[in-house]
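# Observations on chain architecture
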Amino acid sequence: MTGRPDLAGRSPAQARHAVTEPVACPDLPCPDCGRPRYLQPPEVGPDGTAHGTTSGIGCATIDCPTAGLPLPVWLAIDRAVAAGAADLCPAGRPRPRAHGLPVPWVTPVTRATGPLWRDLHTARLARAQLESLCQVCGLGCDRRFSLIVDPHGHCLTSAPLHEECARLALAVCPAPSRARARTVTATRAQIHTRGDIAVELAMTQTWRYKEPRSGAT
Ligand SMILES: [Zn+2]
Ligand SMILES: [Zn+2]
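What you see is a predicted model, and the numbers here were worked out from it, not measured in a lab. (Residues numbered from 1 in each chain as written. Chains lettered and ligands numbered in written order. Predicted model: local features only at pLDDT ≥ 70, side-chain atom pairs only at ≥ 80, totals over all residues. Heavy atoms only, no water.)

### Observations regarding the coordination of the zinc ion (ligand 2)
Formally: Each metal's donors comprise the N, O and S atoms found within 2.8 Å of it (within 3.2 Å for Na, K or Ca). Water is not part of the atom list, so some coordination spheres may appear incomplete. Four donors are marked tetrahedral only if all angles between them lie between 85 and 135 degrees, whereas four are marked square planar and six octahedral if opposite donors are more than 155 degrees apart and the other angles lie between 65 and 115; the remainder are marked irregular. Any residue under 20% of the maximum accessible area for its type is buried, any over 50% is exposed, and the rest in between are partly exposed; the area is computed with a 1.4 Å probe on protein chains only.
Every protein donor of the zinc ion (ligand 2) is accounted for by Cys134 (SG), Cys137 (SG), His162 (ND1) and Cys165 (SG), and the metal-donor separations fall at 2.1 to 2.3 Å. Taken together, the 4 donor atoms coordinating the zinc ion (ligand 2) span angles of 93 to 119 degrees at the metal, a pattern that classifies the geometry as tetrahedral. Counting along the primary sequence, the residues that act as donors to the zinc ion (ligand 2) give the motif C-x2-C-x24-H-x2-C. When sorted by exposure, Cys134 lands in the same class as Cys137, which is buried.

Written out as structure tokens, the structure is:
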């Protein structure tokens, strides 16, 4: 899991609409008792940085067998979609919009909360990393793709982007400008990866762009 600021959590509009309190989610009911589950956002430190990128969702009904055993919200969303619910953030272009912003494919969305701007959909991020899917639109990228990186080459969100999707992200998200981020074009060979990908363990990689030698400072 990346601990870095990411595209999904840092713009003023996104921060304004970030979920910071528990929210009842009737669209994601408890599979045991059928009552709405409650979404619990990641804790936010005094500096406004969220600890982790996964909201939990759990049942709060006393005596329910699953009470107090929250799941990652992206997993509850995926299960609901597999059971026939609408995918509120499907792959494709143009992107669905909320709060005046395009919603990236790796941002979990529930009907009760809208986009969870501070969250990352771990399974989608893992797929993006494994299959070179674009983090913004969820569609496949070419062998060369864009990355949005900070001055040290660290990806803000460790996954590829299409050139036009990177442009969109840079245009609408103040996050990259605050991080003095830029877009680079890379192949897999130019990415230093750290960590492993194991969705079951909520593990994804952290990516860093290897500067070409001529551009070294
Ligand atoms: Zn329950
Ligand atoms: Zn894209």
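### Remarks on the coordination of the zinc ion (ligand 1)
So the rule is basically this: Secondary structure elements follow DSSP: runs of H or I of four or more residues count as helices, runs of E of two or more count as strands, with numbering from the N terminus.
At the metal site, the zinc ion (ligand 1) is ligated by Cys30 (SG), Cys33 (SG), Cys59 (SG) and Cys64 (SG), and these contacts range over 2.2 to 2.4 Å. Seen from the zinc ion (ligand 1), its 4 donor atoms lie at angles of 101 to 118 degrees, and the figure they make is tetrahedral. Written as a sequence motif, the donor arrangement for the zinc ion (ligand 1) is C-x2-C-x25-C-x4-C. One end of the pair, Cys30, is in the loop between strand S1 (23-29) and strand S2 (36-40); the other, Cys64, is in the loop between strand S3 (56-58) and strand S4 (71-72), and 34 residues separate them in sequence. Just as Cys30 is buried, Cys64 falls in that class too.

### Focus on the pairing of strand S9 (residues 145-149)
The cut-off we apply is this: Two strands make a pair as long as DSSP finds a minimum of two bridges between them.
Summarising burial for S9: 5 of the 5 residues are buried, a large majority. Side chains Phe145, Leu147 and Val149 of S9 all project onto a buried face; the interleaved residues Ser146 and Ile148 project onto the opposite face, where all are buried too. Both S9 and strand S10 (residues 182-186) contribute to a ladder of 5 bridges, which runs antiparallel. Bridged to Leu147 within S10 is Val184.

### Considerations on the sheet that holds S1
Pairing within the open sheet is antiparallel, and its 4 strands lie in the order S1-S2-S3-S4. Strands at the two margins of the open sheet, each flanked by one partner only, are S1 and S4. The sheet contact formed by S3 and S4 spans 2 bridges and is antiparallel. Bridge pairing in S4 places Ile57 opposite Leu71.

### Observations concerning unusual backbone geometry
Residue Arg93 is joined to Pro94 through a cis peptide bond whose omega torsion reads 0 degrees. The backbone phi angle of His99 is positive, close to 55 degrees, even though this residue is not glycine. Not every positive phi belongs to a glycine, and Ser132 is a case in point at roughly 55 degrees. Its place among the elements puts Ser132 in the loop between helix H3 (122-131) and S9.

### So, H3
Going by this rule: Whether two residues are in contact is decided by their heavy atoms, any of which lying within 4.5 Å being enough.
H3 sits mainly inside the fold: 7 of its 10 residues count as buried. Among all positions of H3, only Thr122, Ala123, Arg124, Leu125, Ala126, Ala128 and Gln129 are buried. Buried-residue contacts for H3 involve helix H2 (73-82) and strand S12 (206-209). Positioned one or two residues after H3, Ser132 has a phi angle of 55 degrees, which is positive.

### Points about the pattern of salt bridges
The condition that has to hold: Think of a salt bridge as a Lys or Arg side-chain nitrogen and an Asp or Glu carboxyl oxygen that are within 4 Å of each other.
Counted according to the given criterion, the structure contains 5 salt bridges. Among the ionic pairs, Arg93 bridges to Glu164, the shortest N-O distance being 3.4 Å. Of this pair, Arg93 sits in the loop between H2 and strand S5 (97-98) while Glu164 sits in helix H4 (residues 163-172), and the two are 71 residues apart along the sequence. For Glu164, a relative accessible area of 39% translates into the label partly exposed.

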